[in-house]
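Residue strings, one per chain:
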Amino acid sequence: MIPMAIGRTATVAIAIALAVVVGGVGTYLLWPEPETGTVSIYVKDLPDGWTHVNVTFSEVRIHQADAGNDSGWHTLDIRNQTIDLAVLTNVSELLASGNVSAGKYTQIRLVVIAVKGTMEDGTIVNFTVPSGELKTTHPFNVSADHTETLTLDFDLSKSIVYNDSGWTFKPVLGSVTNG
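No experiment lies behind these values; they were computed from the predicted model shown. Along each chain, residues carry numbers from 1 onward, in the same order as the chain's sequence is written. In keeping with the predicted nature of the model, local features appear solely for residues at pLDDT of at least 70, side-chain atom pairs appear and are counted solely at 80 or more, and the whole-chain, interface and lining totals rest on all residues. The basis for the side-chain values is all heavy atoms of the structure; hydrogens and waters are excluded.

1. Focus on the overall build of the protein
Logical step 1: Counting its regular elements, the protein contains two helices and 14 strands.
Logical step 2: Counting across all 179 residues of the protein, residues that qualify as buried make up 34%.
Logical step 3: For accessible areas, the Shrake-Rupley method is used with a probe of radius 1.4 Å. Any residue's cover is judged against the shown protein chains and nothing else. Summing over all exposed atoms, the protein offers an accessible surface of approximately 10,500 Å²; the carbon and sulfur share of this is 54%. Every helix listed is a DSSP run of H or I at least four residues long, and every strand listed is a run of E at least two residues long, numbered separately from the N terminus. For each residue, the accessible area found with a 1.4 Å probe, counting protein chains only, is set against the maximum for its type, and the residue is called buried under 20%, exposed over 50%, and partly exposed in between.

2. Observations concerning the packing of aromatic side chains
Logical step 1: Aromatic pairs are defined between Phe, Tyr and Trp rings, using the six-membered ring for Trp, whenever the two ring centres lie within 6.5 Å; interplanar angles under 30 degrees are classed as stacked, those over 60 as edge-to-face, and all others as tilted. All told, the structure shown has seven aromatic pairs when counted by the stated rule.
Logical step 2: Their ring planes at 85° and their centres at 5.1 Å tell us that W50 and W167 sit as a pair that is edge-to-face. Remark: W167 occurs in strand β13 (residues 166-169) and W50 occurs in strand β2 (residues 50-64); sequence separation between them is 117 residues.
Logical step 3: A relative accessible area of 9% places W50 in the buried class.
Logical step 4: Taken together, the ring pairs in this structure connect W50, F127, Y162, W167 and F169 into an aromatic cluster.
Logical step 5: Look at NZ for Lys and CZ for Arg. If either is within 6 Å of the ring centre and within 35 degrees of the ring normal, a charge sits over the ring. Across from the ring centre of W73, 4.6 Å away, lies the NZ or CZ of R61, which sits over that ring.

3. Brief notes about unusual backbone geometry
Logical step 1: Even without being glycine, D66 reaches a positive phi, approximately 60°.
Logical step 2: Following the sequence through the fold, D66 ends up in the loop between β2 and β3 (73-75).
Logical step 3: Of the residues examined, D66 reaches a relative accessible area of 86% and is grouped as exposed.
Logical step 4: In this model, D145 sits at a positive phi of 55°, which is unusual for a non-glycine residue.

4. Some thoughts on the nonpolar core
Logical step 1: Working definition of a nonpolar core: buried Ala, Val, Leu, Ile, Met, Phe, Trp, Tyr and Cys residues. They are joined through side-chain atoms within 4.5 Å. Grouped together as the largest cluster of nonpolar side chains are 35 residues, with contacts concentrated most on I41, I62, L110 and F169.
Logical step 2: Of all the secondary-structure elements, those providing two or more residues to this core are β1 (36-44), β2, β6 (93-101), β7 (103-119), β10 (140-142) and β11 (147-154).
Logical step 3: Broken down by element, this core gets its largest block of residues, six residues, from β2.
Logical step 4: Residues are treated as being in contact if the distance between any of their heavy atoms lies within 4.5 Å. Excluding its chain neighbours within four sequence positions, the residues that come into contact with I62 are V39, I41, G72, W73, H74, L76, V100, Y105, Q107, I108 and F140.

5. Quick notes on the sheet that holds β11
Logical step 1: Taken in spatial order, the five strands make up an open sheet running β4-β6-β1-β11-β14, and their pairing is mixed. The open sheet is flanked by β4 (77-78) and β14 (173-178), the only strands paired with a single partner. Note: two strands are recorded as paired if DSSP finds a minimum of 2 bridges between them.

6. Digging into the confidence of the model for the protein
Logical step 1: With 80% of its residues at a pLDDT of at least 70, the protein reaches an overall mean of 80.
Logical step 2: A residue's pLDDT is the predictor's confidence in that residue, given on a scale from 0 to 100. Contacts for the low-pLDDT stretch residues 8-29, under 50 throughout, to residues beyond four places or in other chains number zero contacts.

Rendered as structure tokens:
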């Protein structure tokens, strides 16, 4: 009698294990992983009167359309934290990139934490950065298995301001282009 009980128990255990495996595969087929694409953000500019304008970024985030304020933000990996915008005349440099869910995105936010410049006469300037956050509402789409490339062209003539308290850097974008 004992061998038959063990046989039934083993059969039941195998049947349960098989049901779990089949159920897991069925669940995977019914709810596959969301499709993702990559976003790469480049920066460029050509400033007048400056040989170097080193901008240090601490964060780059993008917001997915129709998502909540907390759940819709995706932080990209910063590839080059400090970028010299003065040397980017006819080229751009990768700032940040990352894999995100495919879909429409409506906002980009950059956080600037420090700016140091060198004027054409050799004077070194440490800029004050009042808010440091640059926001743009340039909509773009990320397709699955595709890299969406955006180039942010800073308008340094408007970003660099001299006043009674010294030099200030208030980041202003001239344009955002796709591709």
